[in-house]
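The residues making up each chain are set out below.
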Amino acid sequence: MPELPEVETTRRKIEPLLRGRVIERIEHDAPHRYRDTHLAVGRRVTGLSRRGKYLMLQLAAAEADGEPDALHDLELIVHLGMTGGFRLEAGKHTRVTLTTDGGTLHFDDARRFGKMAVVRPGQYATMPTLAGMGPEPLTDDFEVADFVARAVTCGAVKPWLLSQKPVSGVGNIYADESLWTAQIHPAQTRLNAEEATRLYHAVREVMGAAVEAGGSTLSDGTYAQHDGEAGAYQHRHHVYDRAGKPCDRCGTTIEKIVLAQRGTHFCPQCQKVQRQKVGAV
DNA sequence: ATAAGCCCCTGTGGGC
DNA sequence: TGCCCACAGGGGCTTA
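Described below are features of the structure shown in this document. Here the structure is a predicted model, which means the values were calculated and not measured. (Residues numbered from 1 in each chain as written. Chains lettered and ligands numbered in written order. Predicted model: local features only at pLDDT ≥ 70, side-chain atom pairs only at ≥ 80, totals over all residues. Heavy atoms only, no water.)

### Quick notes on the packing of helix H5 (residues 172–182) against helix H6 (residues 193–212)
Part 1: Relative to each other, H5 and H6 sit at 130°, their axes nearing to 8 Å. Our classification of the angle between H5 and H6 gives oblique. Between H5 and H6 lies a crossing of right-handed hand. Contacts from Tyr-174, Glu-177, Ser-178, Leu-179, Thr-181 and Ala-182 in H5 reach Arg-198, Leu-199, Ala-202, Val-203, Glu-205, Val-206, Met-207 and Ala-210 in H6. (Axes fitted to C-alpha atoms, helices over the stretch in contact; angles between N-to-C directions. Helix = DSSP H or I, 4+ residues; strand = E, 2+ residues; numbered from the N terminus. Parallel < 35°, antiparallel > 145°, perpendicular 65-115°, else oblique. Left-handed = near helix turned anticlockwise from the far one by under 90°. Contact = heavy atoms within 4.5 Å.)

### What about the protein's contact with DNA strand B?
Part 1: Near DNA strand B the following residues occur: Arg-33, His-93, Ala-110, Arg-111, Arg-112, Phe-113 and Gln-261.
Part 2: Sugar plus phosphate, as a fraction of atoms of DNA strand B within 4 Å of the protein: 48%.
Part 3: The contact in question runs from a sugar or linking oxygen of DNA strand B to an N or O atom on the backbone of Ala-110, over 3.4 Å.
Part 4: Here a base oxygen of DNA strand B sits 3.1 Å away from a polar atom, N or O, in the side chain of Arg-111.
Part 5: Here the residues of the surface near DNA strand B sort into 2 nonpolar, 2 polar and 3 charged. (Near = heavy atom within 4 Å. Polar contact = N/O pair within 3.5 Å; in protein donor to acceptor, adjacent residues only side chain to side chain. Nonpolar A, V, L, I, M, F, W, Y, C, P; charged D, E, K, R; others polar.)

### Here we look at the pattern of salt bridges
Part 1: Counting across every chain of the model gives 15 salt bridges.
Part 2: A salt bridge links Lys-13 to Asp-227; its shortest N-O distance comes to 2.8 Å. Note that Lys-13 is positioned in helix H1 (residues 4–18) and Asp-227 in the loop between H6 and strand S10 (255–259), a separation of 214 residues in sequence.
Part 3: A salt bridge links Arg-150 to Asp-146, with the nearest nitrogen and oxygen atoms 3.4 Å apart. Taken as a pair, Arg-150 and Asp-146 lie in helix H3 (residues 144–151) at a separation of 4 residues, close to a single helical turn.
Part 4: Residue class for Asp-146 comes out partly exposed when judged on its relative accessible area of 40%.
Part 5: It is possible to trace a salt-bridge network through shared partners that takes in Glu-8, Arg-11, Arg-12, Glu-15, Arg-19, Arg-50, Arg-51 and Glu-136. (Salt bridge = Lys/Arg side-chain N within 4 Å of Asp/Glu carboxyl O. Buried < 20%, exposed > 50% of the residue type's maximum accessible area, 1.4 Å probe, protein only.)

### Thoughts on the packing of aromatic side chains
Part 1: Under the criterion given, the structure shown has 7 aromatic pairs.
Part 2: Three or more aromatic residues joined by ring pairs form one cluster here, namely Phe-142, Phe-147, Trp-160 and Tyr-200.
Part 3: Here Arg-249 stacks its cationic end above the ring of Trp-180, 3.9 Å away from the centre of that ring. (Phe/Tyr/Trp six-rings, centres within 6.5 Å; stacked < 30°, edge-to-face > 60°. Lys NZ or Arg CZ within 6 Å of the ring centre and 35° of its normal.)

### Regarding the sheet that holds strand S3 (residues 43–51)
Part 1: On the basis of which strands lie adjacent, the open sheet formed by 5 strands has the order S2-S9-S5-S4-S3 and mixed pairing. Strands at the two margins of the open sheet, each flanked by one partner only, are strand S2 (34–35) and S3.
Part 2: Judged from the 5 bridges that link them, strand S5 (residues 74–79) and strand S9 (residues 115–119) form a sheet pairing that is antiparallel. When the sheet's bridge partners are listed, Glu-75 is paired in S9 with Val-119.
Part 3: Sitting on the sheet, H1 touches S3 and strand S4 (54–61), and the angle it makes with S3 is about 160°. (Pairing = 2+ DSSP bridges.)

### A few points about the environment of Met-82
Part 1: With respect to the helices and strands, the residue Met-82 is situated in the loop between S5 and strand S6 (84–87).
Part 2: Assessed through its relative accessible area of 32%, Met-82 is described here as partly exposed.
Part 3: Sequence separation between Met-82 and Gly-114 is 32 residues; the distance between their C-alpha atoms is 7.0 Å.

### A short note on the sheet that holds strand S7 (residues 94–100)
Part 1: Taken in spatial order, the 4 strands line up as S1-S7-S8-S6 in an open sheet, and their pairing is antiparallel. A strand with exactly one partner marks an edge of an open sheet, and here the two such strands are strand S1 (23–27) and S6. Going across the sheet, the axis of each strand differs from the next one's by a mean of 20°, ignoring polarity.
Part 2: Here H1 sits on the sheet in contact with S6, S7 and strand S8 (103–109), set at roughly 150° to S8.

### Structural notes on the side chain of Thr-9
Part 1: Positionally, Thr-9 belongs in helix H1.
Part 2: Overall, Thr-9 belongs to the buried group, its relative accessible area being 11%.
Part 3: Within polar-contact distance, the side chain of Thr-9 engages the backbone oxygen of Pro-5 at 2.6 Å.
Part 4: When neighbours within four sequence positions are excluded, Thr-9 is seen to be in contact with Val-211, Gly-214, Gly-215 and Gln-225.

Fair warning: the whole summary comes from geometry, so function is off the table for now.
Have a look at this one:
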């Protein structure tokens, strides 16, 4: 469930299970994927936060006893990858088992693209995407003027969004949905101010609505939350996984292409590539 | 410095 | 039915 809305939904749902708990064991057999997890043992989870698609558990000495302003001296970073998620029961694809004084959570990850690491707070040198993460789309840190200025020189706009640099947390689904909303072709380069402004507002609108809906869960239920609850935003997709169906805005058949190795869905009528006029006033 | 390409993994579904 | 290929919501690394 790896885009911002799904990660944020996961954060909210597992927070009550973890906040204030002391980690007793973290079991797995892949130390290169789940780095330094032994450092978390014996510490108390004082809070759960999120940056882009990364979850972080704030850890403090167990004696801190859940005080909100306890000095947390380590962070457990979790990235769900493509297929990662927490479960109450162990399953065929359980990769990590996290036991606290309040119960057990299983990290399931069929494709094993998920990662964990225990680090000093803010020490993200081994995670370059996290270290260079752009602003959160739903906070005031995400500023239209800055976004517009960067978009003027950007390469193909969809890969640019996926880079996590202009804004954090946008993945394949929400990139396609945002570009449809803004009526911009995913392969367009160098947006003008008007286009970039539309895209800025589209990203905020789409991400906000998706968080509110609890994210997207595909029809096979793969991306349901730990308690089996599904998100609802999949019912509001306009282009993602809708190739061959009519555009909700103009009725033209939605197309699917491959762009930067990712499936890309768009309306060829509403989202035409605009060539910027050289020397335009 | 930035961008494009390949790679890491496993499972599933469609086409033959 | 069985096999093979293509594809799947991510990110890191190498190369140009």
